[in-house]
Amino acid sequence: MGSTIFVIDSSPAVHRMVEQISAPEGHKVMGFSDGPSALDAARKLSPALVIADYHLDKITFSGLCKEIGRQDSLAETLIVSMVDGSDRLDESKLRSLGVRAFLKKPLQREQLLDTIKGILNGAAGDPRGGKSANAALPTLPASHGRSLNPPPRSSGAGRSMPSVNTSRRSAGGNAAAC
């Protein structure tokens, strides 16, 4: 059975792309243009995955993550951030707030699908993604002198945080971007 996926982005094209690649996998996708409306719906529907633009309307991305983390009903909700190459991120802070992966804009269909599958398949055994999600996702190379790759894990404790490179085109070179 599919999962419920929330997409929070001001672009309807991003909502459509996530829906087009997720529906055949059996997932239900709901799109939102701002964080507060997505949070209201999340409290009622408990999505398995939230894919949110780093630049949200009416709430900061960190604020959205904090609100998700405060809700008992959303304890198992996984978060993926869509970022621009020019974004300056506090990677460790975002990871501590539950961000599982980063998707670089413009989104590429193949990488988006791989990320969704990897995160949700990894979530089946581990509520926050675990090692199986890490194995399925490529890493994001350094961008503008700032790496989005996860730091090495210490004693194996803590949550793994896969990062995703969405800047590559598919083998056919015709991957649609949003």
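To start, this report covers the structure provided alongside it. Since we're looking at a predicted model, the values are computed, not measured. (Residues numbered from 1 in each chain as written. Predicted model: local features only at pLDDT ≥ 70, side-chain atom pairs only at ≥ 80, totals over all residues. Heavy atoms only, no water.)

Regarding the environment of Val83
What counts is decided by this rule: Secondary structure elements are taken from DSSP: a helix is a run of H or I of four residues or more, a strand is a run of E of two residues or more, and numbering for both begins at the N terminus.
With respect to the helices and strands, the residue Val83 is situated in strand β4 (residues 78-83). Distance in space between the C-alpha atoms of Val83 and Ala52 is 9.0 Å, their sequence separation being 31 residues.

Overview of the pattern of salt bridges
A side chain with one charge can pair with a side chain of the opposite charge if their charged atoms come near. Selection rule: In the sections that follow, a salt bridge refers to a side-chain nitrogen of Lys or Arg positioned within 4 Å of a carboxyl oxygen of Asp or Glu. Here's how the labels work: a residue is buried when its accessible area is under 20% of the maximum for its type, exposed when over 50%, partly exposed in between, all with a 1.4 Å probe on protein chains only.
With the rule as written, the count across this model stands at 7 salt bridges. When the shortest N-O distance is used, the salt bridge between Arg43 and Asp40 registers 3.1 Å. Within this pair, Arg43 and its partner Asp40 are both found in helix α2 (residues 35-45), separated by 3 residues, close to a single helical turn. Since its relative accessible area comes to 33%, Arg43 is described here as partly exposed. Across the pair Glu67 and Arg70 runs a salt bridge, and its minimum N-O distance is 2.4 Å. With Glu67 and Arg70 both in helix α3 (residues 61-70) and 3 residues apart, this pair spans about one turn of that helix. When its relative accessible area of 55% is taken as the criterion, Arg70 is described as exposed. Three or more residues are tied together by salt bridges with common partners; here these are Asp40, Arg43, Glu67 and Arg70.

Comments concerning unusual backbone geometry
Here Lys105 and Pro106 are connected by a cis peptide whose omega angle stands at 5°. Mapped onto the secondary structure, Pro106 falls in the loop between β5 (99-104) and α5 (109-123). In the Ramachandran plot, Ser46 falls in the positive-phi region, its phi being about 45° despite a non-glycine side chain. In this fold, Ser46 is placed in the loop between α2 and β3 (49-53).

Details of the pairing of strand β1 (residues 4-8)
So the rule is basically this: In this scheme, strands are said to pair when DSSP sees at least two bridges between them. Here is how to tell: hold the view so the strands point away, follow the path from the first strand over the helix to the second, and if it runs clockwise the crossover is right-handed.
Extensive coverage of β1 is indicated by the burial of 4 of its 5 residues. Note: β1 against strand β2 (residues 28-32), 5 bridges, orientation parallel. Residue pairing in the sheet places Thr4 in a bridge with Lys28 of β2. Regarding topology, helix α1 (residues 12-22) serves as the crossover connection from β1 to the parallel β2, and that connection is right-handed. Pairing between β1 and β3: 4 bridges, direction parallel. Across the sheet, the residue bridging to Phe6 is Val50, located in β3.

As for the packing of aromatic side chains
This is how the line gets drawn: Planes of paired rings set the category: under 30 degrees apart is stacked, over 60 is edge-to-face and the rest tilted, where pairs are Phe, Tyr or Trp rings (Trp by its six-membered ring) whose centres lie within 6.5 Å.
As enumerated under the stated definition, the model contains 2 aromatic pairs in all. Seen in terms of ring centroids, Phe6 and Phe32 are 4.8 Å apart; in terms of plane orientation they differ by 45°. Their pairing is tilted. Within this pair, whereas Phe6 is found in strand β1, its partner Phe32 is found in strand β2, the two being separated by 26 residues in sequence. On the numbers, 5.6 Å between centres and 45° between planes, the contact of Tyr54 with Phe61 is tilted. Overall, the relative accessible area of 2% leaves Phe61 in the buried class.

Worth remembering: the numbers are spatial, not functional.
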